[in-house]
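Structural overview for review
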Amino acid sequence: MTVLETPRVSTGTPRRDGSAPSRRRGRRLNAGYFFVAGYAVLLLAFGVFPTAYSFYLAFTNDRGQFTGLNQFTKVAGDYRFLPAFGHMLVYLALWLVALVVLVVLVAVVLRGRIRPGTSAVLRFLYYIPGALAGVASVLVWLFMLDPDVSPVSWLLNAMGMHSFAAVLAPGHLPVILMLIAFWTGAGGWMVVMYGALNNIPDEVLEAARMDGAGPWRTVWHIQIPMIRQWIVYMSIMAFATGTQLFVEPQLLQTASLGRVSPTWSPNQLAFVFAFQQGDFNGAAAISVFLLSLGLLAAGLLVARSNLFSLDEK
C-alpha cells in the first residue's frame, strides 16, 4: 500500500538560520544605505552644517558672545534692508505668477493640441535655456537689452528706451530679472508639468468629454486639480530660488557701471555686510531672515495644498 504524503505549503515565514532570503534582504538594505550615504554626506556638509553655523553667527557677535536678537535688529534697522527685501518681493510676485500661469498653460497646450512628435521637439527647445548657467544667461540678456546691438532694438525704442541706461532704470529691474529667470528656468518646469499631465488616465478625460465638458472646462476642473501637487511643488522651489537672487543683479550692476544698486537684493546686501564691511554676523542674520521667509512660505503652501497627503483607497 502506497502512502501519499501531503506536500508542504510554505507559509512565507522567514527562517532563522541565516537562509538565502535573509541574506538577500540584508544585501538590499546595505545597497540602500550605500546609495543614500553620498546624499547624506553632501547634505550634512553643504546644508546642515552651514545652516547651523549661520544660526550660531546670527546669535553671537564677532567675539563669539551670545547677543540674542541684536544682530537681527541691527540689520533690520539698516537703511538698505527694507528696499532690498521690497525689491525681492516684487520680483517674486512677478516671477511666480508668470511661472505658474504660463508654464501650466503651455504644458496643457502641448498635451492636448500638438502632435506627439512636434511636442517632443518643443519640449527639447524649451529645455535648452535651462542648460545655461546663470552668468551665461545674464550675458545673453545684456546683449538683448542693449538698444545699440539688440535684435529687438525696435521694440526697446518703441517703449521709449533708447539707451542701455534707460533699460536698466531701477523701476525696470524686477521685470528684467523676471524675464531672465523665466527664460532660464521655465522650460524645465514645462517638461515636468507635461509629464504630470500625461499621468492623468485617458479614461478620466474621456469621461469628462462624455459628460459634455469642453476643452477649457476639462483643463480647469480635471487636469489642473489633478496636477495641483506638482504646481505647489514648483511654486515652493521657484520661491526658494527667487529668494537667493544674487548673480543676475550683481552682473547687471557691474555692466551698468554702478547704475544698479549693489544692495538691490538681500543676498547682495549680505555679501556687502560680509565681504565689504567684515560683518559676518550681520550677513548670517540676513541669511536666517531669508531662510525663515522661505520656510514660512513653504509651510503655508504645504498646509493649504496637502502636498504630502496620501490618496485614500
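What comes next concerns the included structure. (Residues numbered from 1 in each chain as written. Predicted model: local features only at pLDDT ≥ 70, side-chain atom pairs only at ≥ 80, totals over all residues. Heavy atoms only, no water.)

Observations concerning the packing of helix α13 (residues 266–275) against helix α14 (residues 280–305)
In contact at an axis separation of 7 Å, α13 and α14 are set at 160° when each is read in the N-to-C sense. Put simply, α13 runs roughly antiparallel to α14. When you trace α13 past α14, the crossing you get is left-handed. Contacts between α13 and α14 involve P266, N267, L269, A270, F273, A274 and F275 on the former and, on the latter, F280, G282, A283, I286 and L290. Here the contact of α13 with α14 is built from residues that sort into ten nonpolar, two polar and no charged. (Axes fitted to C-alpha atoms, helices over the stretch in contact; angles between N-to-C directions. Helix = DSSP H or I, 4+ residues; strand = E, 2+ residues; numbered from the N terminus. Parallel < 35°, antiparallel > 145°, perpendicular 65-115°, else oblique. Left-handed = near helix turned anticlockwise from the far one by under 90°. Contact = heavy atoms within 4.5 Å. Nonpolar A, V, L, I, M, F, W, Y, C, P; charged D, E, K, R; others polar.)

Considering the nonpolar core
Counting residues in hydrophobic clusters, the biggest one holds 63 residues, and the most contacted among them are Y91, W95, L99, V103 and L252. The leading source of residues in this core is helix α3 (residues 81–113), at 14 residues. Not counting chain neighbours up to four residues away, the residues in contact with Y91 comprise P174, L177, M178, A181, G242, L245 and W264. (Core = buried A, V, L, I, M, F, W, Y, C linked by side-chain atoms within 4.5 Å. Buried < 20%, exposed > 50% of the residue type's maximum accessible area, 1.4 Å probe, protein only.)

A word on the side chain of D146
If you trace the backbone, D146 turns up in the loop between α5 (134–145) and α6 (153–158). Within the buried set, D146 has no salt-bridge partner at all; the shortest N-O distance to an opposite charge, 9.6 Å, is to R259. Beyond its immediate chain neighbours, meaning those up to four positions away, D146 contacts L156 and F164. (Lys, Arg positive; Asp, Glu negative; His and termini not counted. Salt bridge = Lys/Arg side-chain N within 4 Å of Asp/Glu carboxyl O.)

Here's the deal with the packing of aromatic side chains
This structure, assessed with the given rule, holds 13 aromatic pairs. When the ring of F34 is compared with that of F35, the centres are 5.7 Å apart and the planes differ by 70°; the resulting orientation is edge-to-face. (Phe/Tyr/Trp six-rings, centres within 6.5 Å; stacked < 30°, edge-to-face > 60°.)

Concerning α14
Between the first and last C-alpha of α14 there are 37 Å, a value that for 26 residues agrees with the 38 Å anticipated at 1.5 Å per step. Of all the positions in α14, only N281, G282, A283, A284, A285, I286, V288, L290, A297, A298 and S305 are classed as buried. One or two positions beyond α14, positive phi appears at N306, with a value near 55°. (Expected span 1.5 Å × (residues − 1).)

Considering helix α10 (residues 215–226)
The end-to-end C-alpha distance of α10 is 15 Å, a good match for the 16 Å that twelve residues give at a rise of 1.5 Å each. Among the residues making up α10, those that are buried are T218, V219 and Q223. Buried residues of α10, seen end-on, are gathered within an arc of 95° and therefore sit on one face of the element. In α10, the exposed residues that point more than 90 degrees away from the buried face are R217 and W220. (Arc of directions from axis to C-beta.)

Thoughts on the pattern of salt bridges
Taken as a whole and judged by the stated rule, the model has four salt bridges. R80 is paired through a salt bridge with D78; the nearest N and O atoms lie 2.9 Å apart. Between R209 and E206 there is a salt bridge; the shortest N-O distance is 2.7 Å. One end of the pair is R209 and the other is E206, both in helix α9 (residues 202–210) and three residues apart, which spans about a single turn. By relative accessible area, which is 49% here, R209 ends up partly exposed.

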